[in-house]
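Overview (structure and organization)
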Amino acid sequence: MYIKEPYFTKVFKPFIFVLALVPVFILAWSFYSKNLGANPLEAMTHQTGDWALRFLLISLLVSPLKRLLGWNQLTRCRRILGLYAFFYASLHFITYLWLDQFFVWEDILHDIVNRPFITVGMLAYLLLIPLAITSAKFMIRLLKKKWIQLHKLAYVLPILGIVHYWWLVKSNIYEPVLYAVILLIIFIARFICTLKKNTIGQTCE
Amino acid sequence: MKITKTNYALKESEVTEESLYLDRRQFIKKLGYGTVLLGTSIITPSLAKKSTKSLKEELTDYKSITQYNNFYEFGTNKLAPYENAHTLKTTPWNIIVEGECEKPGNYSLEKILKGMTIEERIYRFRCVEGWSMVIPWNGFSLASLLKRFQPTSKAKYVYFETLHDPENMPNQQQDHLEWPYIEGLRIDEAMNPLTLLATGLYGKDLPNQNGAPLRLVVPWKYGFKSIKSIAKIRFLETQLESSWQKANKVEYGFYSNVNPNVNHPRWSQSRERRIGKYRKRKTLMFNGYAEEVAHLYKGMDLKQNY
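Residues numbered from 1 in each chain as written. Chains lettered and ligands numbered in written order. Predicted model: local features only at pLDDT ≥ 70, side-chain atom pairs only at ≥ 80, totals over all residues.

**Observations concerning the sheet that holds strand β6 (residues 157-162) of chain B**
Backbone hydrogen bonds are what pair the strands of a sheet, in a parallel or an antiparallel way. All names here are of chain B. Ordered by their spatial adjacency, 5 strands build an open sheet running β3-β2-β11-β6-β7, and the pairing between neighbours is mixed. Single-partner strands in this sheet number two, and they are β3 (105-108) and β7 (182-186). In this sheet, adjacent strand axes meet at a mean angle of 20 degrees when their direction is disregarded. Sheet analysis places strand β2 (residues 94-99) next to strand β11 (residues 230-236), joined by 4 bridges and oriented parallel. In the sheet register, E98 faces β11, and the bridge partner there is R234. (Pairing = 2+ DSSP bridges. Helix = DSSP H or I, 4+ residues; strand = E, 2+ residues; numbered from the N terminus. Axes fitted to C-alpha atoms, helices over the stretch in contact; angles between N-to-C directions.)

**Brief notes about the pairing of strand β4 (residues 118-126) of chain B**
Residue and element names in this part refer to chain B. The element β4 is extensively covered by neighbouring structure, given that 8 of its 9 residues are classed as buried. With 8 bridges connecting them, β4 and strand β5 (residues 131-141) associate as antiparallel partners. Each residue of the ladder has a partner; that of E120, found in β5, is N138. Following β4, the chain reverses through 4 residues before pairing antiparallel with β5; G130 in that reversal takes a positive phi of roughly 95 degrees. (Buried ≥ 20, exposed ≤ 12 C-beta atoms within 10 Å, placed from the backbone.)

**Concerning the interface of chain B and chain A**
At the interface, 18 residues of chain B touch 14 residues of chain A. Its residues assigned to classes, the side of chain B that touches chain A shows 8 nonpolar, 6 polar and 4 charged. (Contact = placed C-beta atoms within 7 Å. Nonpolar A, V, L, I, M, F, W, Y, C, P; charged D, E, K, R; others polar.)

**Things to note about the nonpolar core**
As a rule of thumb, nonpolar side chains are buried together in soluble globular proteins. Residues and elements named next belong to chain B. Within the largest apolar cluster, 69 residues are counted, with the highest numbers of intra-cluster contacts made by V158 and L216. In terms of residues, this core owes the most to one element, β5, which gives 5 residues. Once residues within four sequence positions are removed from consideration, L216 is found in contact with L142, F160, L197, S226, I227 and I230. (Core = buried A, V, L, I, M, F, W, Y, C linked by C-beta atoms within 7 Å.)

**Considering helix α9 (residues 157-168) of chain A**
Given a rise of 1.5 Å per residue, 12 residues ought to cover 16 Å, and the 17 Å separating the end C-alpha atoms of α9(A) matches this to within 8%. All buried positions along α9(A) are accounted for by L157(A), P158(A), L160(A), G161(A), I162(A), H164(A) and Y165(A). (Expected span 1.5 Å × (residues − 1).)

**Looking at the packing of helix α3 (residues 40-69) of chain A against helix α4 (residues 78-100) of chain A**
Residues and elements named next belong to chain A. Relative to each other, α3 and α4 sit at 160 degrees, their axes nearing to 8 Å. Relative to α4, α3 is oriented roughly antiparallel. Between α3 and α4 the crossing geometry is left-handed. Class assignment for the residues of the contact of α3 with α4 results in 16 nonpolar, 7 polar and 2 charged. (Parallel < 35°, antiparallel > 145°, perpendicular 65-115°, else oblique. Left-handed = near helix turned anticlockwise from the far one by under 90°.)

Take a look at the structure:
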């Protein structure tokens, strides 16, 4: 598959950019129009978290999709999708600090220490920060091999995200399991690619 | 049916508007129940001409109480019970009474309600998930019913079971929990005057998603102890294991008293968010009912017996 230039750059990429913003607009509108149910702050916390995890997975789906469709341009969308994961994770983080805890640091610290799902969530967010900072193109040139190593973290983050979600839910683990299955497929695709790479020299990043 | 009003008054108070309580009937009217209420309610008396003196905390609105529920038989998200519980068949309704008592049997709901005085009781309701409500229940004390069955001296615990009807309670086909849902109380907890069997809220028959036609309300315990749509009551000599204990012993104990000092691995129990409010408030020991119930746990280590 291939989209002609300048359409890929001028139309497709901006389209992805705007599409990725839709959830936050829907969320903001739902909040404003009081459509988030009886516990809107909880709904906001959950939805921003959902989207952070989804974008982590979507950004990892870029490479296998590229190979599957033979659509090499797709790689150029990966950075923005990864940054959206950071964007939604940041909203999730701020929602927690502000709307859930109202910056009561004592309670936040207590949460991080005593609630395993929050410990893991915090860790995931902390690890996401360096990836966001080094996402710019010149950073790739600057850090070279280190950049590739650092950005392998992208495969660790959704694991943490899923564990974070799994440990939160009380009994219905359907959704975290669903995300885990998607991640497993990503890992399998990556593994298969690595096997092939050894024979035909394809790249898997 | 005789109607009295008992208020286990809510003492600690933040902003309180008495007008809100007065507004209540107005509010129900707005929802469209106003006149219907007087005519059709069998179980729950209308709230007409009630005193307005004792309310100290703002009531949670009817919509939130009836559209933000944990009733896993109908789905695990908060809105699902509201959307799905219409399939619950509440008539006819029978409750099997068995175990250590003189008068076991299969009792119809009509028989159980006969001669009962329906009271209004405004209770705080605290969920283990860290949110809370203030709910005007209608019902009668559990003790008044249990006494009728004449529990023997061997009856040390009371076991409750929710209806098991996978056809009409679709999530009972899933294994999120072991069905039917089971809860229990120590006999002295069950006999405490605070412990309520609710038939309604806001002066209206209990909506299905809130546990129609008859549910338990134990205001000093986390919400999951207040079992819904009760179909079986059993008097036991030994302690039972509740559904949530079976699901996760470390997190859910038999007592599950509201206790800000006992940490929970998922949710803070030291504070809570009152539905309808944003900022959290401090959770009170025994959900603010220490005066009424603390004596039940004298000498017990509540960190061990969570």
